[in-house]
Amino acid sequence: MRRKGALFAGVAAVAVIGGGTWAAVNSSRQGGPEPGATAATPPATAEITRTDLVDSESVSGKLTYAEERKVSYTGSGTVTAVPAEGKVIRRGGALLKVDRRPMVLMYGRLPLYRELNSGVSDGPDVEQLERNLKALGYGDDLTVDEDFTYATSAAVKAWQKDRGHPQTGAVDAAQVVFLDGAVRVSGVSVEVGRKINGGEVLTVTGTRRIVQVDLNTDDQALARKGARVTIELPGGEEVKGRIVRVGTVAQQVSAEEGGGSTIDVEISLGGRKTGRLDQAPVNVAMESKRVKDVLTVPVEALLALREGGFGVEVVEGGATRLVAVETGAYGGGRVEITGDGLAPGMKVGVPAS
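From a predicted model like this one, the values you see are computed outputs, not experimental measurements. (Residues numbered from 1 in each chain as written. Predicted model: local features only at pLDDT ≥ 70, side-chain atom pairs only at ≥ 80, totals over all residues. Heavy atoms only, no water.)

A. Focus on the overall build of the protein chain. Of regular secondary structure, the protein chain possesses 3 helices and 21 strands. In the protein chain, which comprises 353 residues, the proportion classed as buried is 44%. Excluding contacts between residues fewer than 6 apart, the proportion of contacts in the protein chain whose partners are at least 24 apart in sequence is 68%. Approximately 18000 Å² of the protein chain is accessible, and the part contributed by carbon and sulfur atoms is 48%. (Helix = DSSP H or I, 4+ residues; strand = E, 2+ residues; numbered from the N terminus. Buried < 20%, exposed > 50% of the residue type's maximum accessible area, 1.4 Å probe, protein only. Contact = heavy atoms within 4.5 Å. Areas by Shrake-Rupley, 256 points an atom, 1.4 Å probe, with all protein chains shown as cover.)

Below, the structure written as structure tokens:
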């Protein structure tokens with residue numbers, strides 16, 4: 001779902017009513033003021049500025065966490081402990097316990113695809129294990145490389161003793177899961193007391209907060225990788241974000257949900273504090289149009305002219321004069337204008353706030 005940004009007709013109508021409070025209303029019996037006519041000093045003023053004018057459209061999104069994935073257990077036994085949903089687990093922490101023995105999180109991009117012991121060939125998975133053992137305080141004499149040595153086996157045994165595993169010096173996937181960083185538990189598929197023989201046990205995400213948008217494919221031009229957006233959080237607070245990924249595969253939407261198709265858009269929040277709610281609905285303002293380097297005034301500065309069109313009331317010292325203007329793009333509560341003698345820094349009348 002989306003809601004449109006400021007459009008010409010709706011905004012202009014409000015501007016006529018608001019802008020007429022000090023000048024147009026006084027002359028409404030004559031059909032509106034004429035260009036060049038003076039009027040009572042307006043209750044407030046605003047500057048004409050030269051800037052880029054940006055219009056936006058608001059689309060619905062959800063505040064969530066990046067990099068969802070499933071975690072499987074390869075052994076068998078009885079589940080004796082599971083983490084709470086929302087818990088953050090870091091290197092060395094237990095993702096699950098089976099028969100009171102933990103499946104431990106270690107950091108790395110390579111999955112544990114073989115048992116690591118003193119008889120294995122050299123490989124990057126050995127180096128990955130050794131790097132984690134060092135980070136956890138094991139193996140003072142251990143050299144981090146691709147060779148599984150006696151020092152590696154001794155470090156593994158010391159780690160296994162502390163974690164309650166048999167001190168075999170060999171590590172398998174029932175003891176360790178390699179993921180690329182700390183994770184947050186978003187779902188638990190097993191319960192304490194259940195007997196398992198392999199299978200998926202947890203759903204985890206990264207700890208980085210993102211906004212995810214299922215964007216209608218008709219609106220895909222709104223989503224440009226690297227573009228900045230504004231997110232309205234639950235409660236009304238606004239934060240800035242940046243589009244970091246735009247999907248290329250359209251997903252069909254069921255008829256019950258309105259039909260059509262969407263693409264996935266991911267927005268980074270850059271570490272901004274956004275609370276701990278997961279799947280919370282948010283509104284995302286995406287840039288739909290940008291006009292560069294134009295003169296702008298607040299929309300409420302526009303006045304309806306007797307002969308049609310709009311004008312602004314320029315305030316110079318204690319005098320005022322009406323200048324007919326051509327309006328252009330709208331965005332962010334401002335409107336593009338062109339008119340004789342207008343320049344940045346001039347003051348124009350607006351209603352009192």
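B. Structural detail: the environment of Pro298. One can find Pro298 in strand β16 (residues 280-298). Not counting residues up to four positions away in its chain, the partners in contact with Pro298 are Ala46, Glu47, Gly333, Arg334, Val335 and Val350.

C. Examining unusual backbone geometry more closely. A positive phi is found at Glu67, a non-glycine position, where the angle reads about 60 degrees. For Glu67, the location among the structural elements is in the loop between β3 (49-65) and β4 (69-81). Of note, Asp99 is a non-glycine position whose phi angle comes to about 55 degrees, a positive value. Taking the relative accessible area as the measure of exposure, Asp99 reaches 40% and is therefore partly exposed.

D. Molecular detail of the pairing of strand β10 (residues 195-205). Inspection of the sheet shows β4 paired to β10 by 8 bridges, in the antiparallel sense. Bridging across to β10, Ser72 finds its partner in Glu200. Both strand β9 (residues 183-188) and β10 contribute to a ladder of 4 bridges, which runs antiparallel. The partner of Val185 across the bridge, within β10, is Val204. What sits between the antiparallel neighbours β9 and β10 is a turn of 6 residues, in which Gly193 has the positive phi angle 100 degrees. (Pairing = 2+ DSSP bridges.)

E. Inspection of helix α2 (residues 124-135) at higher detail. For α2, which comprises 12 residues, the first-to-last C-alpha distance of 17 Å matches the rise-based estimate of 16 Å (1.5 Å per residue) to within 8%. Listed as buried for α2 are Asp125, Val126, Gln128, Leu129, Glu130, Asn132 and Leu133. With its phi angle positive at about 95 degrees, Gly137 sits one or two positions after the end of α2. (Expected span 1.5 Å × (residues − 1).)

F. Layout of the environment of Gln279. Within the element layout of this structure, Gln279 appears in the loop between β15 (261-268) and β16. Each C-alpha atom of the pair Gln279 and Tyr65 lies 8.5 Å from the other, and the pair is 214 residues apart in sequence. When sequence neighbours within four positions are dropped, the list of residues in contact with Gln279 reads Lys62, Leu63 and Thr64.

G. Region of the structure containing helix α3 (residues 150-163). With 14 residues, α3 ought to run about 20 Å at 1.5 Å a step, and its terminal C-alpha atoms sit 20 Å apart, in line with that. Buried within α3 are the following residues: Thr152, Ser153, Ala155, Val156, Trp159 and Gln160. Viewed along the axis of α3, the buried residues span an arc of 160 degrees, placing them on a single side of the element. Within α3, the exposed residues directed more than 90 degrees away from the buried face are Tyr150, Lys161 and Asp162. Residues of α3 that are buried sit in contact with β7 (101-107), α2 and β8 (176-179). Where α3 ends, the next residue or the one after it, Gly164, has phi of about 85 degrees, a positive value. (Arc of directions from axis to C-beta.)

H. Representation of the pattern of salt bridges. In the structure shown here, the tally under the stated rule is 14 salt bridges. A salt bridge links Asp125 to Arg114, with the shortest nitrogen-to-oxygen separation between them at 2.7 Å. In this pair, Asp125 is assigned in helix α2 and Arg114 in the loop between β7 and α2, connecting sequence segments 11 residues apart. Residue Glu266 pairs with Arg245 through a salt bridge whose shortest N-O separation is 3.6 Å. Taken together, the residues Glu266 in strand β15 and Arg245 in strand β13 (residues 238-246) connect sequence positions 21 residues apart. Given the relative accessible area of 13%, Glu266 is considered buried. For Arg245, a relative accessible area of 37% puts it in the partly exposed group. Each of Asp52, Arg224, Glu287 and Arg290 takes part in salt bridges that share partners, so that together they form one network. (Salt bridge = Lys/Arg side-chain N within 4 Å of Asp/Glu carboxyl O.)

I. Fine view of the nonpolar core. Grouped together as the largest cluster of nonpolar side chains are 21 residues, with contacts concentrated most on Val211, Val213, Ile231, Ile267, Val284 and Met286. Looking at this core, the elements with two or more residues in it are β3, β11 (209-216), β12 (228-232), β13, β15 and β16. Discounting chain neighbours no more than four positions away, the residues touching Met286 are Asp55, Ser56, Glu57, Val59, Val213, Leu215, Leu222, Val229, Ile243, Val265 and Ile267. Core analysis: the second largest hydrophobic core is formed by 19 residues, Leu105, Leu179, Val185 and Ile196 among them. (Core = buried A, V, L, I, M, F, W, Y, C linked by side-chain atoms within 4.5 Å.)

J. Seen up close, the packing of α2 against α3. Closest axis-to-axis distance for the α2/α3 pair is 11 Å, and the angle between their directions is 55 degrees. Looking at the two axes, α2 sits oblique to α3. The two elements α2 and α3 cross, and the hand of that crossing is left-handed. On the side of α2, the interface is formed by Leu129, Glu130 and Leu133, while α3 contributes Thr152, Ala155, Val156 and Trp159. In terms of residue class, the contact of α2 with α3 is built from 5 nonpolar, 1 polar and 1 charged. (Axes fitted to C-alpha atoms, helices over the stretch in contact; angles between N-to-C directions. Parallel < 35°, antiparallel > 145°, perpendicular 65-115°, else oblique. Left-handed = near helix turned anticlockwise from the far one by under 90°. Nonpolar A, V, L, I, M, F, W, Y, C, P; charged D, E, K, R; others polar.)

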